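A structural walkthrough
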Amino acid sequence: MSSESNPCENLQEQIDDAAAYLDVATDVLERLKHPERVLETNLAVEMDDGTLEVFKAFRSQFNGDRGPYKGGIRYHPNVSLDEVKALSGWMAFKCAVADIPYGGGKGGVVIDPREYSTSELERITRAFAVELRPLIGVDRDVPAPDVNTGQREMNWIKDTYELLEDTTAPGVVTGKSLDNGGSEGRVEATGRSVSIAAREVFDYLDRDVGEATVAVQGFGNVGSVAARLIDGLGASVVAVSDSGGGIYDPDGLDVPAVVEYKRETGRLAGFDGAVEEITNEDVLTLECDLLVPAALENAVDGDLAQDVRADVIVEGANGPLTPDADDVLTERDVTVVPDILANAGGVTVSYFEWVQNRQRFAWSEERVNDELETVITNAFDAMVAVHDEVETPNLRRAADVLAIRRVAAAYENSGNWP
Ligand code: NAD
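An account of the accompanying structure is given in this report. (Residues numbered from 1 in each chain as written. Predicted model: local features only at pLDDT ≥ 70, side-chain atom pairs only at ≥ 80, totals over all residues. Heavy atoms only, no water.)

**Some words on the sheet that holds strand E11 (residues 312-314)**
Taken in spatial order, the 7 strands line up as E9-E8-E7-E6-E10-E11-E12 in an open sheet, and their pairing is mixed. Strands with a single pairing partner mark the edges of an open sheet, and in this sheet they are strand E9 (276-278) and strand E12 (335-337). This sheet shows a mean twist of 20° between the axes of neighbouring strands, independent of strand direction. One ladder, built from 3 bridges, connects strand E8 (residues 245-248) with E9; its direction is antiparallel. Bridging across to E9, Tyr248 finds its partner in Glu276. (Pairing = 2+ DSSP bridges. Helix = DSSP H or I, 4+ residues; strand = E, 2+ residues; numbered from the N terminus. Axes fitted to C-alpha atoms, helices over the stretch in contact; angles between N-to-C directions.)

Laid out in structure tokens, this is it:
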């Protein structure tokens, strides 16, 4: 996704690019370029000083033919209707690649949450939940955390919904805390799927991930878990970075010690087990076998892609490569496992949380991880099968084709009514 262009247009271009490899009618593809329904609302919320402030908020329900709409709610000043619409489409595709029974959804509030107190954030979240109530539900639309929201916000939305509906409905949102119906394994799920995707792609390339050198950009939830689990596969994690810069050891960092240092100090800089401190850009262009960008979108553009020396990239973040970077890397024969597969672990374990909530039965962490393993390896195999079948230029296009095929089939099989 390019930061300069309209995200809805990017989504539509992505569908057009996949169209050549699809046997789907043009009018059906046209339908899949737009969400089914969008809520735009203005939340009037009392601040701690007694004044009222109005917040714009959105929810987009992209396509419900494969199951309830599903997707996160983000709190950010740059949230816009177009962004939410496009992100709901990408969620529909991600759920289809993982073959979990959800359509796509996304929501957001235009806010910088750092400027508000906890009680103000609670009132804002509950006000949004009141507006969402007619649209969401265990079998209708299931929100989850996204940028700047987490377990706390999900607990508030669940509580508001349950009070208004006079029921218990833990499956109305996912990403809740364990005591409120959350799932074991949810916090680690995205980094875990990144590590499974890394293992699978090396296997696919007839290489051993255990012999790979690895650089990880971003050391938050996704990057730190991915680094730890890839290290556990026997690979040598030679560099990691966060917003303050990177650390490097050509012989491999002691990843558990780095995780502990980051937990204690909140930073990577100053870690005394590193040979050298390097810049973020150095991490992205380091001589290594595998690069895992797990920080922000658009981390690698077309220019930087020329300097990337890893020959395999597994996307932990959403959209870390710009379309220009993708073209350059395809041209340079760098294998990229796309975000909609590699980081699908988060939504997959959200799905497991929802299944457990419906069953009123909690799974063990071992069961969650086993089921996740199955979903991600099946998705990887299905993506590669499409790549071989229709000869897409890269794995991203194969994942798009797989996703659009599945969503289009569900839509066509449902018929068009009224
Ligand atoms: P996080 O906030 O926990 O971590 C982000 C990390 O990136 C932090 O370590 C931060 O210091 C680092 N960072 C920021 N700017 C950087 C820069 N310029 N260079 C290097 N590092 C930088 O976030 P997260 O939950 O780990 O999410 C990371 C990405 O993964 C985001 O794109 C997110 O949308 C995506 N994602 C997350 C999940 C999930 O379950 N958490 C699921 C799917 C996708």
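That covers the picture; the talk isn't over yet.
**Thoughts on the environment of Asp307**
As for its position among the elements, Asp307 is in helix H10 (residues 302-307). For the pair Asp307 and Gln61, spaced 246 residues apart in sequence, the C-alpha separation works out to 39 Å. What Asp307 contacts, discounting residues up to four positions off in sequence, is Thr285 and Arg332. (Contact = heavy atoms within 4.5 Å.)

**A short note on the packing of aromatic side chains**
Following the criterion strictly, the structure yields 9 aromatic pairs and no others. Both rings, one in Phe62 and one in Phe93, keep their centres 6.5 Å apart while their planes meet at 75°; by these two values the pair is edge-to-face. Of this pair, Phe62 sits in the loop between strand E2 (52-61) and strand E3 (69-76) while Phe93 sits in helix H3 (residues 81-98), and the two are 31 residues apart along the sequence. Here Phe62 falls in the buried class, since its relative accessible area comes to 2%. In this structure Phe93 comes out as buried when scored by relative accessible area, which is 2%. Taking 6.1 Å as the distance between ring centres and 35° as the angle between the ring planes, the aromatic pair formed by Tyr351 and Trp354 counts as tilted. (Phe/Tyr/Trp six-rings, centres within 6.5 Å; stacked < 30°, edge-to-face > 60°. Buried < 20%, exposed > 50% of the residue type's maximum accessible area, 1.4 Å probe, protein only.)

**Section: unusual backbone geometry**
Comment: phi is negative for the bulk of residues other than glycine, and the bulk of peptide bonds are trans. That bond from Trp417 to Pro418 is cis: its omega, 0°, falls within 30 degrees of zero. Summarising the element assignment, Pro418 is placed in the segment after helix H15 (395-414). In the Ramachandran plot, Asp99 falls in the positive-phi region, its phi being about 60° despite a non-glycine side chain. By the element assignment, Asp99 lies in the loop between H3 and strand E4 (103-110).

**Describing the site of the ligand**
The immediate surroundings of the ligand are formed by 19 residues, with Thr190, Asn221, Val222, Ser243 and Asn280 found nearest. Here Asn221 contributes a backbone N or O atom positioned 2.9 Å from an oxygen atom of the ligand. Within the side chain of Asn318, an N or O atom sits 3.2 Å from an oxygen atom of the ligand. In isolation the ligand has 830 Å² of accessible area, and contact with the protein removes 70% of it. Going through the elements one at a time, helix H7 (221-232) and strand E7 (236-242) are the ones with two or more residues in the shell around the ligand. Within the shell around the ligand, the residues separate by chemical class into 6 nonpolar, 11 polar and 2 charged. (Near = heavy atom within 4 Å. Polar contact = N/O pair within 3.5 Å; in protein donor to acceptor, adjacent residues only side chain to side chain. Areas by Shrake-Rupley, 256 points an atom, 1.4 Å probe, with all protein chains shown as cover. Nonpolar A, V, L, I, M, F, W, Y, C, P; charged D, E, K, R; others polar.)

**Observations concerning the packing of helix H6 (residues 189-204) against helix H13 (residues 345-359)**
At a closest axis distance of 7 Å, the pairing of H6 and H13 adopts a crossing angle of 125°. Considered as vectors, H6 and H13 are oriented oblique to each other. In the crossing of H6 with H13, the sense of the turn from one axis to the other is right-handed. Here Ala189, Thr190 and Ser193 of H6 lie close against H13, whose contacting residues are Gly345, Gly346 and Val349. Each residue belonging to the contact of H6 with H13 can be placed in one class, and the counts come to 2 nonpolar, 4 polar and no charged. (Parallel < 35°, antiparallel > 145°, perpendicular 65-115°, else oblique. Left-handed = near helix turned anticlockwise from the far one by under 90°.)

**As for the side chain of His387**
Along the chain, the position of His387 falls in helix H14 (residues 365-390). Looking at His387, the relative accessible area reads 15%, which means it is buried. If we ignore the near neighbours within four places in the chain, the residues touching His387 are Tyr204, Thr392, Pro393, Asn394, Leu395 and Ala398.

**Observations regarding the pairing of strand E6 (residues 213-217)**
In terms of burial, E6 is largely enclosed, as 4 of its 5 residues are buried. Examined bridge by bridge, E6 and E7 share 5 bridges and lie parallel to one another. When the sheet's bridge partners are listed, Gln217 is paired in E7 with Ser241. Traced from E6 through H7 to E7, the parallel crossover comes out right-handed. Relative to strand E10 (residues 290-293), E6 is paired through 4 bridges, and the arrangement is parallel. Looking at the pairing, Val216 lines up with Val292 of E10. (Right-handed = clockwise from strand over helix to strand, strands pointing away.)

**A word on the sheet that holds strand E5 (residues 141-145)**
Strand order in the open sheet formed by 5 strands is E1-E2-E4-E3-E5, and the pairing between neighbours is mixed. Bordering the open sheet on either side are strand E1 (37-46) and E5, each of which pairs with just one other strand. Between one strand axis and the next, the sheet turns through 20° on average, direction left out of account. Summarising the sheet, E1 and E2 pair through 10 bridges and their orientation is antiparallel. Paired with Ala44 across the two strands is Val54, which belongs to E2. Its contacts with the sheet place helix H4 (residues 118-132) against E1, E2, E3 and E4, and it is angled at close to 140° to E1.

**Digging into the pairing of E7**
The buried fraction of E7 is high, at 6 of 7 residues. As paired elements, E7 and E8 share 4 bridges and run antiparallel to each other. Residue pairing for E8: Ala239 is matched across the bridge by Tyr248. Where E7 hands over to E8, the hairpin turn is made up of 2 residues, counted between the paired strands.

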